Protein chains: 2
Amino acid sequence: MSFNIEQSEKKRVVIVGGGFGGLRLANRLRNSPYQVVLIDKNNYHQFPPLIYQIASAGIEPSAIAFPFRKIFKKCHDFYYRMAEARAIFPDQKILQTSIGKIKYDYLVFAAGTTSNFFGNKHIEEEAIPMKTLAEAMGLRNALLGNLERSVTCATEQERRELLNIVIVGGGATGIEIAGAIAEMRRYVLPKDYPELKGEELHIYLIEACDRLLSGMSQQSSQKAKEFLEDMGVKVMLNKMVTDYDDHKVVLADGTSIPTRSFIWVSGVRANTIGNMPETSLGRGGRIKVDAYNRVEGMDDVFCIGDQCIMTADPSYPKGHPQLAQVAIQQGGLLADNLRSMARGGRLRPFTYRNLGSMATVGRNRAVAEFASFKTQGWMAWLLWLVVHLRSILGVRNRIAVFFSWIWDYVSYGHSIRLIVYARKAKEVADRERREATTHWGEDLIKAGQGK
Amino acid sequence: MSFNIEQSEKKRVVIVGGGFGGLRLANRLRNSPYQVVLIDKNNYHQFPPLIYQIASAGIEPSAIAFPFRKIFKKCHDFYYRMAEARAIFPDQKILQTSIGKIKYDYLVFAAGTTSNFFGNKHIEEEAIPMKTLAEAMGLRNALLGNLERSVTCATEQERRELLNIVIVGGGATGIEIAGAIAEMRRYVLPKDYPELKGEELHIYLIEACDRLLSGMSQQSSQKAKEFLEDMGVKVMLNKMVTDYDDHKVVLADGTSIPTRSFIWVSGVRANTIGNMPETSLGRGGRIKVDAYNRVEGMDDVFCIGDQCIMTADPSYPKGHPQLAQVAIQQGGLLADNLRSMARGGRLRPFTYRNLGSMATVGRNRAVAEFASFKTQGWMAWLLWLVVHLRSILGVRNRIAVFFSWIWDYVSYGHSIRLIVYARKAKEVADRERREATTHWGEDLIKAGQGK
């Protein structure tokens, strides 16, 4: 056993992924009749709604990331392990991971989603995604590096490619990063890059549907578009991106846009897990669950959040939207249900309570919708700030984000304009290579034999 | 010309490197009769004295890094370019860089030093250096990753390797990182890693000389050693590291220490520049300069700071110590001398004014020496904090560092315990590869022909 976990008389709940759903579940299982094992490939919980601000150099990675060991430092019979889930062996109740296998009594998948490139290898290789902290830091480095490069590059053609930024995907993430880059162009560029004229930098936001923010109302979509266009973003609706080739984004209508900053926030698919039968998977690779988040056709295996699809909720016959709120509510309910099971009690089915949704475009510009009212502009923006600040884990992080926001608001700046990649030690690189290869093979076979 | 710089009637000063020396020089040449071009491979100035706190997860990279474009945003006839210097062609007054070549009227090397592995390829490949921000972030990732791994690794042997931390080099950097890790072991480990017993983690500090901090007094050396031993660091003096093999640090006396955290802060050598004649180089690859920091045997070429060696200063016949203060004072004087040259005035030779030196081991534990007095303990520690806080560039950064320090002091924590590597976009990786190869060849030849 590679997990180094003390034997316990309690039943063991293994949670895969410490995002919104997994974290809520783990938190609600403190002091429960269960031993909890949380695995995540990162050693920290990240806060996706603000990841775009890392990319635009507004806040520090550490401000929206919280180490799991710190969150759970006072928990009894709780274990965090840095690992990736690989495959499930439901007959033996074993989960195979990158650090070995682990027995579970109850297993909960809460591993979320990853960028969906819809099978296009070109795009997958060349596009810059923005789902994780590491990707957002990479995007920041790429954006700033391209600006530097544009000042000194050899040809007019390359210069144009470097100064076109193309964002594909008109959801909340897309409009937020487009807005943030537009603000950088307006407030930071003239000061930092006198060699560039602001107008030379073009920002394109491409969406395949006929409107932005398709999860929100027509009114919000329209307003978000106005805000963006007002800030000089070229919003292109009803446009499908089919390829990226020779530094050009190719559209279905045959036109193309030259760019070396090709940002892909166009869709997600559920993270996969080996040995999961095809029949258990729904649209976008999401794992089908019943009203209690139980994976169909498996005993004692659950899935919550973006990674699952539940069609049992009468108000959402096609499944819930993949939003933080759904994951959090499912995580909370599953904790209650697990506790209830330990008492031999009854399970409660899930119904989603929509608390509203919002998206921000920039200073004083946001859209927000709640059951009872809609609002746009500075009021929505202020609401957005308050809601997100409140949701950030930890006092220190909240202060750090608040301080960054105030500073940037007053100075019209994005302060953290560093191009920096952490140097990977050879020992670490070697280990990662090893884990990626050996563990798959050997341990899987043993697990398959029921060891 | 790849530099995209407007023609100016002023003479052009090209500065290679924006560390302490180059930055002081560039700052003092604001509104001077010169056009200034600063090149640096990073887009930010970094503050080396606090780099070890990045490695120990105490502060954020952005807190001790300051983008050059922000520093110089209001300067007239000033240009920053992100590039690496490659070779000098003094006859044509051309500097070859990674982004092309540039003509200079005056050229100043201020490119500092890099880790010295004394020709041992094994050590160079496997050791973790800590000279730059990127390296310190890599070290933090490696240290935290090794802790995670030690909890779940397969063999007792690997566990021991993962829990031994070996630091080679007993200068200020070595004792600072040793102290910081020892504090992490004492205050953070018991809370974060209940699976580990603090005593299992061993910290070795190895020094080839017979005392630590050989640049300071016997008294300071002795006190620093006491502080470290008091915190449980195993200080090994008179020990020479000869190799690293099979996850073992090999010593000259035949013994070895198993470890996968092999930190190398044992010495530096000057950064090299192509075409610089061997005869111009002194000990440690440092470029020989006269009392006015002029490179011997070249016209209009200067070198300042760690990268140069000056034997003309009567008090330092073997050259100055490689310290920030020397670089800063040389940068300031060279600016004055360049201004004087423009007026046809006389040059002033350099004499080093030693402002004192200090090193910190941990909470309330430091050593400091000045012309008039020496002090150790909390008084030295407080002095250390004040001096370093004052030296950090920019109000925002000063607030950020101050806040981190207060927070960590009160909470006994090191808050930024994230393992995260920025994801490199393919476009960026491709470009770096291209720059590393093509520019060397083609442009060099052109430059050699005087084009």
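As annotated in an unreviewed UniProt entry, chain A carries the name NADH:ubiquinone reductase (non-electrogenic) and is attributed to Candidatus Avibacteroides avistercoris. Quoted straight from UniProt, the Catalytic activity (unreviewed entry) entry for chain A says "a quinone + NADH + H(+) = a quinol + NAD(+)".

Participant: Explain the overall build of chain A to me, please; I cannot follow it from the model alone.
Facilitator: Helix and strand content of chain A: 12 helices and 25 strands. With respect to the three principal axes, the spread of C-alpha positions in chain A is 65 × 55 × 45 Å. For chain A, the proportion of its 451 residues judged to be buried stands at 58%. The long-range share in chain A, meaning contacts at least 24 apart out of those at least 6 apart in sequence, stands at 66%. With 59 positive and 47 negative side-chain charges, chain A shows a separation of 7 Å between the mean positions of the two kinds.

Participant: Looking at this model, I keep getting lost on the relation of the copies chain B and chain A. Mind explaining?
Facilitator: Both copies of the chain are related by one operation, a rotation about an axis with a shift along it. Superposition record for chain B on chain A: RMSD 0.0 Å, screw rotation 180°, translation along axis 0.0 Å. A rotation of that kind, with that shift, is consistent with a two-fold axis. Take the interface residues of chain B: 97% of them recur as interface residues in chain A, which is what a same-surface contact looks like.

Participant: How should the UniProt feature "domain: FAD/NAD(P)-binding" (unreviewed entry) in chain A be read in this particular structure?
Facilitator: What UniProt calls "domain: FAD/NAD(P)-binding" (unreviewed entry) maps, in this numbering, to residues 12–331 of chain A. A helix fraction of 29% and a strand fraction of 27% characterise residues 12–331 of chain A, whose end C-alpha atoms lie 17 Å from each other.

Participant: It is not clear to me how the side chain of Arg-363 of chain A should be interpreted in this structure. Could you clarify?
Facilitator: All names here are of chain A. Within the secondary structure layout, Arg-363 lies in the loop between β23 (357–362) and β24 (365–369). Glu-183 provides the closest opposite charge to the buried, salt-bridge-free Arg-363, at an N-O distance of 5.0 Å. Polar contacts involving the side chain of Arg-363 include one to the main-chain carbonyl oxygen of Tyr-409, which spans 2.9 Å. Only 3.4 Å separates the side chain of Arg-363 from the side chain of Tyr-412, close enough to count as a polar contact. The residues touching Arg-363, leaving out its near neighbours within four places in the chain, are Glu-183, Tyr-187, Trp-381, Asp-408, Tyr-409 and Tyr-412.

Participant: How should the pairing of strand β16 (residues 248–251) of chain A be read in this particular structure?
Facilitator: Working note: regular strand, side chains alternate between the two faces of the sheet. All names here are of chain A. Along β16, the buried face is formed by Val-249 and Leu-251; none of Lys-248 and Val-250, which line the opposite face, is buried. Sheet topology note: the strand β15 (residues 241–245)/β16 ladder contains 4 bridges and is antiparallel. When the sheet's bridge partners are listed, Val-241 is paired in β16 with Leu-251. The hairpin turn running from β15 into β16, its antiparallel successor, is 2 residues long, and Asp-246 in that turn takes a positive phi close to 50°. The pairing of β16 with strand β17 (residues 256–258) spans 3 bridges and is antiparallel. Directly across from Val-249, in β17, lies its bridge partner Ile-257. Hairpin connection, β16 to β17: the antiparallel pair is bridged by 4 residues, and Gly-254 has positive phi, about 95°.

Participant: Is there a simple way to think about the packing of helix α10 (residues 378–391) of chain A against helix α11 (residues 395–411) of chain A in this case?
Facilitator: Between two packed helices, the angle of one axis relative to the other and the distance separating the axes together describe the packing. Residue and element names in this part refer to chain A. Running from N to C, α10 and α11 cross one another at 155°; their axes reach a closest spacing of 9 Å. Taken as axis vectors, α10 and α11 run roughly antiparallel relative to one another. The residues of α11 that touch α10, namely those facing Trp-381, Trp-384, Leu-385, His-388, Leu-389 and Arg-390, are Arg-398, Val-401, Phe-402, Trp-405 and Tyr-409. Of the residues in the contact of α10 with α11, the class split is 8 nonpolar, 1 polar and 2 charged.

Participant: Would you mind going over the interface of chain B and chain A with me for this structure?
Facilitator: Interface size is commonly expressed as the accessible area that is lost once the parts come together. Listed as interface residues are 73 residues of chain B and, on the opposing side, 72 residues of chain A. When chain B packs against chain A, close to 6,500 Å² is buried across both sides, 54% of that on carbon and sulfur atoms. Looking at the side of chain B facing chain A, the largest losses of area belong to Arg-69, Arg-396 and Arg-423 of chain B, adding up to 12% of the total buried there. Along the contact surface separating chain B from chain A lie 28 residue pairs in polar contact (both at pLDDT 80 or more). Broken down by element, the side of chain B that touches chain A gets its largest block of residues, 13 residues, from helix α5 (residues 133–152) of chain B. Per-class residue counts for the side of chain B that touches chain A are 32 nonpolar, 14 polar and 27 charged.

Participant: Any chance you could explain helix α1 (residues 20–28) of chain A here in plain terms?
Facilitator: Structurally, the α-helix is built with 3.6 residues per turn, so residues lying three or four positions apart point the same way. Turning to α1 of chain A, its buried residues number three or more, namely Phe-20, Gly-21, Gly-22, Leu-23, Leu-25 and Ala-26 of chain A. As for α1 of chain A, its buried residues are in contact with β1 (11–16), β3 (44–46), α3 (68–71), β5 (78–82), β9 (106–109) and α9 (324–342) of chain A.

Participant: Would you take a moment to explain the packing of aromatic side chains for this structure?
Facilitator: In the structure shown here, the tally under the stated rule is 30 aromatic pairs over all chains. When the ring of Phe-262 of chain A is compared with that of Trp-264 of chain A, the centres are 6.0 Å apart and the planes differ by 75°; the resulting orientation is edge-to-face. By the burial criterion, Phe-262 of chain A is buried, and Trp-264 of chain A matches it. Judged by centre distance (5.8 Å) and plane angle (50°), the rings of Phe-403 of chain A and Trp-407 of chain A are tilted. Of this pair, Phe-403 of chain A and Trp-407 of chain A both sit in helix α11, 4 residues apart, roughly one helical turn. Take Trp-407 of chain A: its relative accessible area is 25%, and that puts it in the partly exposed class. Sitting above the plane of the Tyr-409 of chain B ring, Arg-363 of chain B keeps its charged end 4.1 Å from the centroid.

Participant: Please clarify how the pairing of strand β18 (residues 261–264) of chain A should be interpreted in this entry.
Facilitator: All names here are of chain A. Judged by which residues are buried, β18 turns out to be covered on both faces: Ser-261 and Ile-263 on one side and Phe-262 and Trp-264 on the other are all buried. Inspection of the sheet shows strand β11 (residues 128–129) paired to β18 by 2 bridges, in the parallel sense. Its bridge partner lying in β18, Pro-129 is registered against Trp-264. Pairing of strand β12 (residues 164–168) with β18, which is carried by 4 bridges, proceeds in the parallel orientation.

Participant: Just checking my understanding: could you explain the pattern of salt bridges for this structure?
Facilitator: Two side chains of opposite charge can pair, provided their charged atoms sit close to one another. The tally for this structure, following the rule as stated, stands at 48 salt bridges over all chains. Ionic pairing is found between Asp-430 of chain A and Arg-433 of chain A, a salt bridge with its closest N-O pair at 2.5 Å. Of this pair, Asp-430 of chain A and Arg-433 of chain A both sit in helix α12 (residues 426–448), 3 residues apart, roughly one helical turn. When its relative accessible area of 22% is taken as the criterion, Asp-430 of chain A is described as partly exposed. The exposed category is assigned to Arg-433 of chain A, whose relative accessible area is 53%. Here Arg-294 of chain B ties to Asp-290 of chain B by a salt bridge, and the two come within 2.8 Å at their closest N and O atoms. Judged by its relative accessible area of 21%, Asp-290 of chain B is partly exposed.

Participant: So what exactly am I meant to see when it comes to empty space enclosed by the protein here?
Facilitator: The rolling of a water-molecule-sized probe over the atoms marks out the regions of remaining empty space. Residue and element names in this part refer to chain A. Considering all chains together, one arrives at 15 cavities of 30 Å³ or more under this definition. Each pocket or cavity is described by its volume, and for the largest cavity that value is around 110 Å³. Residue lining of the largest cavity: Leu-143, Leu-144, Asn-146, Leu-147, Leu-162, Ile-165, Ile-181, Met-184, Arg-185, Leu-189, Leu-201 and Ser-261, and that is the complete set. Contributions of two or more residues to the lining of the largest cavity are made by α5 (133–152) and α7 (172–192). Partitioning the lining of the largest cavity into residue classes produces 9 nonpolar, 2 polar and 1 charged.

Participant: Got a minute to help me understand the side chain of Glu-176 of chain B in this structure?
Facilitator: Within the secondary structure, Glu-176 of chain B is located in helix α7 (residues 172–192). In terms of polar contacts, Glu-176 of chain B uses its side chain to reach the backbone amide nitrogen of Thr-360 of chain B, at 3.3 Å.

Participant: When you look at unusual backbone geometry in this model, what are you seeing that I'm missing?
Facilitator: Negative phi is the rule for most residues except glycine; trans is the rule for most peptide bonds. Residues and elements named next belong to chain A. Although it is not a glycine, Asp-246 sits at a positive phi angle of roughly 50°. The topology assignment puts Asp-246 in the loop between β15 and β16. Of the residues examined, Asp-246 reaches a relative accessible area of 55% and is grouped as exposed. The residue Asn-293 is not glycine, and still its phi comes out positive at about 65°. Along the polypeptide, Asn-293 turns up in the loop between β20 (287–289) and β21 (301–303). The exposure class assigned to Asn-293 is buried, which follows from its relative accessible area of 1%.

Participant: Before we go on, may I ask you to explain the sheet that holds strand β15 (residues 241–245) of chain B in this structure?
Facilitator: Residue and element names in this part refer to chain B. If you walk across this open sheet you meet the 3 strands as β15-β16-β17, and the pairing is antiparallel. Edge positions in the sheet fall to β15 and β17 (256–258), since each of these pairs with one other strand and no more. Each neighbouring strand pair of the sheet contributes to a mean axis angle of 20°, computed without reference to strand direction.

Rules behind the numbers
Residues numbered from 1 in each chain as written. Chains lettered and ligands numbered in written order. Predicted model: local features only at pLDDT ≥ 70, side-chain atom pairs only at ≥ 80, totals over all residues. Heavy atoms only, no water. UniProt positions renumbered as here; feature names shortened; annotations may be inferred. Helix = DSSP H or I, 4+ residues; strand = E, 2+ residues; numbered from the N terminus. Buried < 20%, exposed > 50% of the residue type's maximum accessible area, 1.4 Å probe, protein only. Contact = heavy atoms within 4.5 Å. Lys, Arg positive; Asp, Glu negative; His and termini not counted. Charge placed at Lys NZ, Arg CZ, Asp CG, Glu CD. Least-squares fit on C-alpha atoms with pLDDT ≥ 70 in both. Salt bridge = Lys/Arg side-chain N within 4 Å of Asp/Glu carboxyl O. Polar contact = N/O pair within 3.5 Å; in protein donor to acceptor, adjacent residues only side chain to side chain. Pairing = 2+ DSSP bridges. Axes fitted to C-alpha atoms, helices over the stretch in contact; angles between N-to-C directions. Parallel < 35°, antiparallel > 145°, perpendicular 65-115°, else oblique. Nonpolar A, V, L, I, M, F, W, Y, C, P; charged D, E, K, R; others polar. Buried area = accessible area lost by both parts, 1.4 Å probe. Phe/Tyr/Trp six-rings, centres within 6.5 Å; stacked < 30°, edge-to-face > 60°. Lys NZ or Arg CZ within 6 Å of the ring centre and 35° of its normal. 1 Å grid on protein atoms, 1.4 Å probe; cavity = no way out; pocket = protein on both sides within 12 Å on 5 of 7 lines; lining within 4 Å. Points joined across faces, edges and corners; volume = space filled by probe spheres on them.

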